[in-house]
Amino acid sequence: MSLTTLTSAYRLRSFYRLQRIQGHMMSSQVDPGVLLEKVGNAGVITINRPKVLNALNLTMIRQIAPQLQQWENDNETHIVIIRGAGRKAFCAGGDIRAVTEAGKVGGPLAVDFFREEYILNNAIGTCKKPYIALIEGITMGGGVGLSVHGRFRVATEKTLFAMPETAIGLFPDVGGGYFLPRLQGKLGLFLALTGFRLKGRDVQRAGVATHFVESKKIPELEKELVCLKSPRAEDISAVLDSFQNQSTVDSEKLFVLDKHMSDIDRLFSSSSVEGIVQNLKADGSEFAKKQAETLSRMSPTSLKITHKQLQAGASLSLQDVLVMEYRLSQACMRGHDFYEGVRAVLVDKDQSPKWSPSTLEEVSEQSVDQCFSSLGERDLTF
């Protein structure tokens, strides 16, 4: 049998295996939350809870983490691809409602979820194999943690990115303190405090995604990626660049924040959240008024924690940021605003949280500093 025939047969088998995964995803039976498959030379992770926008829970984390480690040490696995089932969401975030219910009664999930999620985030960031996240659809919170620390992140016109945690009394975790301050200028701080949503090509323009590929080309891209043999990062970049160059959707549109970038850098440069709010109110432009109004709805405690988190994270490693964020997660579990935010936004959906303290001025510097304090033996370790 010729080499050409063998190669064609190999590609065909990989293609049919990919089709079987897609068939699993469309099954009417009760499916596992994660599908873990070897397809050609690729380990493929499919977040498989489309009915709940692929929300991430602890069971899923415990499935992904050991498999990722196994593939990393397997000489026959050359790349890892992570994707979401359905086209609505890559992963809309963590299963926060379950975490808050546990937190109210001192259940172990309030500790275990954050600890094991952050350990997985670090494993993705340090993965020796090329890690490719296809972030089609809603990508927020925990979904950002599953993607942004990997080497390649591919957005489509259907991608919707946000870190909306300050609206629920939390903070942009999963390594947000690492990647957000490394975006251009004060863009990361702006996204972190306001929860501003980026769509489609703008996710790449902001630096969250590395590539943009049209949604209709994703199946073909997957097929080409799983058939790569012993690829180097440069080989994968070349494939992604090629598909990006063929994608023309919204290419003529400017970045949604293009005309506001200098304003964001100027207005969000204060050493305090109060200073940022003062800058916005003094500016008087429609853009500034809108951001001031947005910040007025957020948890004052969350805003101050987030500001300090990004200031510190700018000079820390991903691992050190995750240690810091674990401390912050447990401070939020001990506090008030996280439970109230989840109630107002996700449970009762009245969108009227009663924050405590209710103003920025009432949130003392001492109370913020306490959130960053070491947990001693309970600190996150890798």
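The present account deals with the structure reproduced in this document. (Residues numbered from 1 in each chain as written. Predicted model: local features only at pLDDT ≥ 70, side-chain atom pairs only at ≥ 80, totals over all residues. Heavy atoms only, no water.)

**Let's talk about the packing of helix H4 (residues 109-125) against helix H15 (residues 318-334)**
Relative to each other, H4 and H15 sit at 165 degrees, their axes nearing to 10 Å. It follows from the interaxial angle that H4 and H15 lie roughly antiparallel. Of the two possible hands of crossing, H4 and H15 adopt the one that is right-handed. Contact residues: H4 offers Ala 110, Val 111, Phe 114, Arg 115, Tyr 118, Asn 121, Asn 122 and Gly 125, while H15 offers Leu 318, Gln 319, Leu 322, Glu 325, Tyr 326, Ser 329, Gln 330 and Met 333. Counted by class, the contact of H4 with H15 contains eight nonpolar, six polar and two charged residues. (Axes fitted to C-alpha atoms, helices over the stretch in contact; angles between N-to-C directions. Helix = DSSP H or I, 4+ residues; strand = E, 2+ residues; numbered from the N terminus. Parallel < 35°, antiparallel > 145°, perpendicular 65-115°, else oblique. Left-handed = near helix turned anticlockwise from the far one by under 90°. Contact = heavy atoms within 4.5 Å. Nonpolar A, V, L, I, M, F, W, Y, C, P; charged D, E, K, R; others polar.)

**Re the packing of helix H14 (residues 300-313) against H15**
It is at 10 Å that the axes of H14 and H15 come closest, and there the two elements cross at 165 degrees. One finds that H14 runs roughly antiparallel with respect to H15. Regarding H14 and H15, the two cross each other, and that crossing is right-handed. Here Ile 305, Gln 309, Ala 312 and Gly 313 of H14 come into contact with H15, specifically with Val 321, Met 324, Glu 325 and Leu 328. Here the contact of H14 with H15 is composed, by residue class, of five nonpolar, two polar and one charged.

**Considering the sheet that holds strand E9 (residues 198-199)**
Hydrogen bonding along the main chain pairs the strands of a sheet, whether they run parallel or antiparallel. Spatial strand order, E4-E6-E8-E9: four strands in an open sheet with mixed pairing. Of all strands in the sheet, those bounded by a partner on one side alone are strand E4 (89-91) and E9. Bridge count for strand E8 (residues 160-162) against E9 is two bridges, and the pairing is antiparallel. Looking at the pairing, Phe 161 lines up with Leu 198 of E9. (Pairing = 2+ DSSP bridges.)

**Digging into the packing of aromatic side chains**
The relation between two aromatic rings is expressed through the spacing of the ring centres and the mutual angle of the planes. Going through the model one piece at a time under the given rule, you end up with six aromatic pairs. Taking 5.4 Å as the distance between ring centres and 45 degrees as the angle between the ring planes, the aromatic pair formed by Phe 190 and Phe 196 counts as tilted. Since its relative accessible area comes to 0%, Phe 190 is described here as buried. Each residue in the set Phe 190, Phe 196, Phe 268 and Phe 287 is aromatic and connected to the rest through ring pairs, giving one cluster. (Phe/Tyr/Trp six-rings, centres within 6.5 Å; stacked < 30°, edge-to-face > 60°. Buried < 20%, exposed > 50% of the residue type's maximum accessible area, 1.4 Å probe, protein only.)

**Details of the sheet that holds strand E1 (residues 34-39)**
Reading across from one edge, E1-E2-E3-E5-E7-E10 is the order of the six strands in this open sheet, with mixed pairing throughout. Only two strands of the sheet have a single partner each, and these edge strands are E1 and strand E10 (211-212). Pairing between strand E7 (residues 152-155) and E10: two bridges, direction parallel. The partner of Val 154 across the bridge, within E10, is His 211.

**Section: the nonpolar core**
In this structure, Leu 146, Phe 161, Leu 187, Leu 257, Phe 268 and Phe 338 are the most contacted members of the largest nonpolar core, which totals 87 residues. Top contributing element to this core by residue count: H15, with nine residues. What Phe 268 contacts, discounting residues up to four positions off in sequence, is Lys 186, Leu 189, Phe 190, Leu 193, Thr 194, Asp 263, Ile 276 and Leu 280. Among the nonpolar cores identified, the runner-up in size contains 20 residues, and Val 39, Val 226, Leu 240 and Phe 243 belong to it. (Core = buried A, V, L, I, M, F, W, Y, C linked by side-chain atoms within 4.5 Å.)

**Considerations on the side chain of Thr 306**
Looking at the element boundaries, Thr 306 is found in helix H14. Of note is the side chain of Thr 306, whose polar atom sits 2.7 Å from the backbone oxygen of Ser 302. (Polar contact = N/O pair within 3.5 Å; in protein donor to acceptor, adjacent residues only side chain to side chain.)

**Describing the environment of Glu 72**
Within the secondary structure, Glu 72 is located in helix H2 (residues 58-72). Look at Glu 72 and you get buried, because its relative accessible area is 18%. Linking Glu 72 and Gly 43, residues 29 residues apart in sequence, is a C-alpha distance of 9.3 Å. Those residues in contact with Glu 72 that lie beyond four places of it in its chain are Thr 126, Cys 127, Lys 128 and Lys 129.

**Digging into the pattern of salt bridges**
Considering all chains together, one arrives at 20 salt bridges under this definition. Arg 83 is paired through a salt bridge with Glu 222; the nearest N and O atoms lie 2.7 Å apart. Of this pair, Arg 83 sits in strand E3 (residues 79-84) while Glu 222 is found in helix H9 (residues 218-226), placing the two residues 139 residues apart along the sequence. The pair Arg 83 / Glu 222 is uniform in exposure class, with both members buried. Between Arg 266 and Asp 283 there is a salt bridge, and its shortest N-O distance comes to 3.2 Å. Residue Arg 266 is located in helix H11 (residues 261-267), and its partner Asp 283 is located in helix H12 (residues 273-283); the two are separated by 17 residues in the primary sequence. Here Arg 266 falls in the partly exposed class, since its relative accessible area comes to 45%. With a relative accessible area of 28%, Asp 283 lands in the partly exposed category. Salt bridges sharing partners connect three or more residues here, namely Glu 340, Arg 343, Asp 348 and Asp 350. (Salt bridge = Lys/Arg side-chain N within 4 Å of Asp/Glu carboxyl O.)

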